[in-house]
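Here are the chains, one letter per residue:
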Amino acid sequence: MSGIMYGIVYGYAESESMTTTELEGRDKWRWIYRTGLHGLCPQCGEGKLFRRWLKVQDRCPHCGLDYDFAAPDDGPAFFSLCFIAFPLLFLVVWFEVALNPPWWMHLIVSVPLMVIPCLAVLQPIKGWLVASQYVNRAQEAGTDALWAKLNARAKGEAVEGDG
């Protein structure tokens, strides 16, 4: 979503069109939510973030944003387990205690009940984390030089200090 479109949707005049660096408070949260959960570029809001299910593209096809900053690591799995699997576990335990079904019934009911929702939310959560990293300029403290060196190495560029 371009700055003009963002302004139209959220009530800013065209002359006041905002970029992601100017977002504050609720607007910042809306932008992260909208772009991240829908798998869109956190800079322009139009290009696709993912090239495959959980594989982030190298750069945005619309605005050219380099996604080297994107490092959600184990975050999507953690949030999926905490907010999806853990609450569903109570349903599975209730199912066992209340109905005492045979083991094969758990294979038919409990396993899909636990696995499908956990897998279904991984991409939206990963998109949300990548958008949050971009908008908030998140990075581990003191790792600027290390990230630059690792990204240069991954792209095959010469790295200072390598022999």
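Reference entry: report on the structure contained in this document. (Residues numbered from 1 in each chain as written. Predicted model: local features only at pLDDT ≥ 70, side-chain atom pairs only at ≥ 80, totals over all residues. Heavy atoms only, no water.)

1. Let's talk about the overall build of the protein
At step 1: What the protein contains, in helices and strands, is 7 helices and 0 strands.
At step 2: Along the protein, helices and strands appear, N-terminal first, in the series α-α-α-α-α-α-α.
At step 3: Scored against the burial criterion, the 163 residues of the protein give a buried share of 33%.
At step 4: Across the protein, contacts joining residues at least 24 apart in sequence account for 50% of those joining residues at least 6 apart.
At step 5: Only carbon and sulfur atoms are counted for the fraction: they give 62% of the accessible area of the protein, which is about 10500 Å². (Helix = DSSP H or I, 4+ residues; strand = E, 2+ residues; numbered from the N terminus. Buried < 20%, exposed > 50% of the residue type's maximum accessible area, 1.4 Å probe, protein only. Contact = heavy atoms within 4.5 Å. Areas by Shrake-Rupley, 256 points an atom, 1.4 Å probe, with all protein chains shown as cover.)

2. Brief notes about helix α6 (residues 122-135)
Helical periodicity: at 3.6 residues per turn, an α-helix aligns residues three or four positions apart in one direction.
At step 1: Taking 1.5 Å of rise per residue, the 14 residues of α6 would be expected to cover 20 Å, and the 20 Å separating its terminal C-alpha atoms lies within 8% of that figure.
At step 2: Among the 14 residues that make up α6, 11 are buried, leaving the element largely enclosed by the rest of the structure.
At step 3: Among all positions in α6, only L122, I125, K126, G127, L129, V130, A131, S132, Q133, Y134 and V135 are buried.
At step 4: In the core, the buried residues of α6 are packed alongside α2 (25-37), α3 (75-99) and α5 (110-120).
At step 5: Just past α6, the residue R137 takes up positive phi, approximately 50°. (Expected span 1.5 Å × (residues − 1).)

3. Observations regarding a nonpolar patch on the surface
At step 1: On the surface, a nonpolar cluster with roughly 910 Å² of combined accessible area is contributed by W53, W103, W104, L107, I108, V109, V111, V115 and L119.
At step 2: For the nonpolar patch, the secondary structure elements donating two or more residues are α4 (103-108) and α5.
At step 3: The element that contributes the greatest number of residues to the nonpolar patch is α4, accounting for 4 residues. (Patch = residues over 30% accessible without salt bridge, like charges linked within 9 Å, V, L, I, M, F, W, Y side chains within 5 Å. Salt bridge = Lys/Arg side-chain N within 4 Å of Asp/Glu carboxyl O.)

4. Examining the packing of aromatic side chains
At step 1: Going through the model one piece at a time under the given rule, you end up with 7 aromatic pairs.
At step 2: Centroid distance F79 to F83: 6.0 Å. Interplanar angle 10°. Geometry classified as stacked. Here F79 and its partner F83 are both found in helix α3, 4 residues apart, which amounts to about one turn of the helix.
At step 3: Judged by its relative accessible area of 23%, F79 is partly exposed.
At step 4: Through a chain of ring-to-ring contacts, the aromatic side chains of F78, F79, F83 and W128 assemble into a single cluster. (Phe/Tyr/Trp six-rings, centres within 6.5 Å; stacked < 30°, edge-to-face > 60°.)

5. Focus: the packing of α3 against α6
At step 1: Packing of α3 against α6 brings their axes to within 9 Å, and their N-to-C directions diverge by 125°. Looking at the two axes, α3 sits oblique to α6. The handedness of the crossing between α3 and α6 is right-handed. The residues of α6 that touch α3, namely those facing G75, P76, A77, F79 and S80, are L122, I125, K126, W128 and L129.
At step 2: The class makeup of the residues in the contact of α3 with α6 is 7 nonpolar, 2 polar and 1 charged. (Axes fitted to C-alpha atoms, helices over the stretch in contact; angles between N-to-C directions. Parallel < 35°, antiparallel > 145°, perpendicular 65-115°, else oblique. Left-handed = near helix turned anticlockwise from the far one by under 90°. Nonpolar A, V, L, I, M, F, W, Y, C, P; charged D, E, K, R; others polar.)

6. Focus: the nonpolar core
At step 1: Grouped together as the largest cluster of nonpolar side chains are 16 residues, with contacts concentrated most on C41, L49, V56, C60, L65, Y67 and V135.
At step 2: Residue assignment for this core shows that the elements contributing at least two residues are α2 and α6.
At step 3: Top element by residues in this core is α6. It accounts for 4 residues. (Core = buried A, V, L, I, M, F, W, Y, C linked by side-chain atoms within 4.5 Å.)

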